[in-house]
Structure formats: structure tokens, C-alpha cells
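Read off the chains here:
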Amino acid sequence: SVHTFYVVLYNDAAHASVFEVWQIHVYAMNRLDLQGLVGQTERQGCSITVRAASGPRSVHVVTSHPADLAPDGTDRFELGDLLTEIPFKYQPMVAGRREVLVNFMDAAKPARGATPLASWLVTARANPPLIAKRY
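Residues numbered from 1 in each chain as written. Predicted model: local features only at pLDDT ≥ 70, side-chain atom pairs only at ≥ 80, totals over all residues. Heavy atoms only, no water.

Visitor: Please provide a residue-by-residue account of the sheet that holds strand 6 (residues 69–71), values included.
Guide: One open sheet holds the three strands; their spatial order is 4-8-6, and the pairing between them is antiparallel. A strand with exactly one partner marks an edge of an open sheet, and here the two such strands are strand 4 (47–50) and strand 6. For this sheet, the mean inter-axis angle between neighbouring strands, taken without regard to orientation, is 30 degrees. With four bridges connecting them, strand 4 and strand 8 (residues 84–90) associate as antiparallel partners. When the bridges of strand 8 are listed, S47 appears paired with P87. (Pairing = 2+ DSSP bridges. Helix = DSSP H or I, 4+ residues; strand = E, 2+ residues; numbered from the N terminus. Axes fitted to C-alpha atoms, helices over the stretch in contact; angles between N-to-C directions.)

Spelled out as C-alpha cells, the structure:
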């Protein structure tokens, strides 16, 4: 669901002169939490379940950080009326927390200006590997 509201900024305390008007869109998104070790590929628990809202569709999966989180195998999937589990692989190269946006785009439409069919926010945490011995 989408909620829209406006923010009005004024030049003065009396609110007589408008400086800027912002239109803000707030989208509700599903969220997935992942955790892994730096330099290792994690596949356990790295899947997103989606369904086509209006009939069968071919979708293209796009992530904001494809080096860290990418579809496992191909990036095109067929979605139908039933739930479809899309496998991902998480391979962080830097320790820390990162938020990755995953969009499912209609493959039949051009990528530029297309609206996502579904969006997920993946919160990924990468821990440094445990050093057991030093030489």
C-alpha cells in the first residue's frame, strides 16, 4: 500500500513565504533478515516467496547491491497464481549491516520507468570470520 503526504517548508516564522513543498510517498514493504560471514556464500534461509497478483507473469529480479545479494541461478522467473519461492545467494565482502532493495519487475515491460510488481527490503548483516589460530 502507498501513503502520500506533503511537507511544506517556509522561509519565515509567520509561514507567509513558502520555501519548498515536498510530496512524500511511503510504501509498505516486506522484510527479510539475513546473516552471514564475510567471503562465504550463504544460501540457507535466503529465499523470497512471491505470487503474481494478476495472472501469470514473467519477472526479472533486480537488487540494489547485486555483488552481495543476487538470485541463485537465473534472474528471470515465472510467477503464477500460486506462491513461488525465489532462491537467492548472499555473499558479503565487507563486514557490517546493509539494506538491500529487491524489486520484481515485469519482464514484458521496458525496465525504464516500470513499476515493480513486488518489493522486499532485505536487511543483511555480515560478520567477520572467526580467527581460530594465528601463526
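The rest of the description comes next.
Visitor: I'd like a rundown of the sheet that holds strand 7 (residues 76–79), residues and numbers included.
Guide: Across the sheet, which stays open at both edges, the five strands sit in the order 3-10-9-5-7 with mixed pairing between neighbours. Bordering the open sheet on either side are strand 3 (30–37) and strand 7, each of which pairs with just one other strand. On average, each strand axis in the sheet is tilted by 30 degrees relative to the strand beside it, whichever way the strands run. Relative to strand 10 (residues 118–127), strand 3 runs parallel, the two sharing eight bridges. Pairing of L37 across the sheet is with N127, part of strand 10.

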